[in-house]
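Each chain, written out:
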Amino acid sequence: MLRPRTVLASAVGLGLAAALGAVPATAAAAPAPQAGQATTATASYTAYERSKENAAANRAFFQAVMKSVAARRAAHPSAAASVTVYYSTRNAPSFRTQIARSAQIWNSSVANVKLAESSSGYDFAYYEGNDSRGSYASTDGHGSGYVFLDYRQNQQYNSTRVTAHETGHVLGLPDHYSGPCSELMSGGGPGTSCTNAYPNATERSRVDQLWRYGLAATATKG
């Protein structure tokens, strides 16, 4: 649902805040859902994923990440030309393996932006817990971005695909639920049997384009 647009440029410091007070708190792992519960939960995820609220949150999230990276690069103009987006897994310890795998997938798929874990000065953070909306990318309303990974959804769907999909929003990709399983940003559209966690050629090309031109536009405004 995210439709990248020209990002407003303003310095927001060297990375996003270390603690996001408005984010759902980490919770205990959810039990495996029963058949009826799974159907209800899936309907809830679908409703939120296709909502205007989610689309707006995705847009705000991508803008926050772009601003953070642009501000860091402006503060260190002699840094390498390649763009690195830093993330924290401190608040999503149960998903560190899936997050690392998602970063590896994206790093091997695109050339103009890389993902790397950092304990400080990061551009966004991952959180984990229970939420009836499922997993999503959002902001805390103060320019800080985070990816929330829902326990139950990650039990129903392939967890690496869920994580790689949400990370796709970090890099500026929109949701496209009518797409095939081979399209990462089709998310839960193809159903729980879809396990593909790799972006297709169109998605890879779009990310490279966004980070080649979008960041430059961000850095030269304001």
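Since the structure is predicted, the reported quantities are computational estimates derived from the model, not experimental observations.

**With respect to the pattern of salt bridges**
Scanning the entire structure with this criterion turns up two salt bridges. Residues D131 and R133 are paired through a salt bridge, measuring 2.9 Å at the closest nitrogen-oxygen approach. According to the relative accessible area criterion, R133 is partly exposed, its value standing at 26%.

**Details of the packing of aromatic side chains**
Per the counting criterion, the structure on display carries seven aromatic pairs. Both rings, one in Y87 and one in F124, keep their centres 6.1 Å apart while their planes meet at 40 degrees; by these two values the pair is tilted. Here F124 lies in strand β3 (residues 124-129) and Y87 lies in strand β1 (residues 83-91), a separation of 37 residues in the sequence. Like Y87, the residue F124 is buried in the burial classification. Here the aromatic residues Y127, Y136, Y146 and F148 are joined through ring pairs into a cluster of three or more.

**Re the nonpolar core**
The tendency in soluble globular proteins is for nonpolar side chains to be buried side by side. V85, W106, F124 and W211 are the most contacted members of the largest nonpolar core, which has 35 residues in total. Looking at this core, the elements that each hand over two or more residues are α2 (52-75), β1, α3 (96-109), β2 (113-117), β3, β5 (145-150), α5 (159-170) and α6 (201-219). Excluding residues within four positions of it along the chain, W106 makes contact with L115, A164, T167, G168, L171, L173, L184, P199 and V207. One finds A125, Y127, Y136 and Y146 within the second-largest nonpolar core, a separate group that totals six residues.

**Let's talk about α5**
Here α5 contains twelve residues, and its C-alpha end-to-end distance of 17 Å stays within 8% of the 16 Å for a straight helix at 1.5 Å per residue. With twelve of twelve residues buried, α5 lies mostly within the body of the structure. Regarding α5, its N-cap is N158, as a side-chain oxygen of that residue lies 3.3 Å from the backbone nitrogen of T160 further along. The positive-phi residue at the C-terminal boundary of α5 is G172, with phi of around 105 degrees.

**Focus: the sheet that holds β3**
Either a parallel or an antiparallel arrangement is found when strands of a sheet pair, and the pairing is made through backbone hydrogen bonds. Read from one edge to the other, the open sheet built from five strands follows the order β2-β1-β3-β5-β4, with strand pairing classed as mixed. A strand with exactly one partner marks an edge of an open sheet, and here the two such strands are β2 and β4 (136-139). Each adjacent strand pair in this sheet contributes to an overall mean axis angle of 30 degrees, direction not counted. Of the strands in this sheet, β1, β2, β3 and β5 are in contact with α3, which crosses β2 at around 160 degrees. Contacts between α5 and the sheet are confined to β1, β2, β3, β4 and β5, with β5 contributing the most and set at about 165 degrees to the helix.

**Describing the state of the cysteines**
For the structure shown, the criterion picks out one disulfide. For C181, the disulfide goes to C194, at an S-S distance of 2.0 Å. Where C181 bonds to C194 through sulfur, the torsion about that S-S bond is close to 90 degrees, and the disulfide is right-handed. Residue C181 is found in the loop between α5 and α6, and its partner C194 is found in the loop between α5 and α6; the two are separated by 13 residues along the sequence. Under the relative-accessibility criterion, C194 is labelled buried at 4%.

What counts as what
Residues numbered from 1 in each chain as written. Predicted model: local features only at pLDDT ≥ 70, side-chain atom pairs only at ≥ 80, totals over all residues. Heavy atoms only, no water. Salt bridge = Lys/Arg side-chain N within 4 Å of Asp/Glu carboxyl O. Buried < 20%, exposed > 50% of the residue type's maximum accessible area, 1.4 Å probe, protein only. Phe/Tyr/Trp six-rings, centres within 6.5 Å; stacked < 30°, edge-to-face > 60°. Helix = DSSP H or I, 4+ residues; strand = E, 2+ residues; numbered from the N terminus. Core = buried A, V, L, I, M, F, W, Y, C linked by side-chain atoms within 4.5 Å. Contact = heavy atoms within 4.5 Å. Expected span 1.5 Å × (residues − 1). Polar contact = N/O pair within 3.5 Å; in protein donor to acceptor, adjacent residues only side chain to side chain. Pairing = 2+ DSSP bridges. Axes fitted to C-alpha atoms, helices over the stretch in contact; angles between N-to-C directions. Disulfide = S-S within 2.5 Å.

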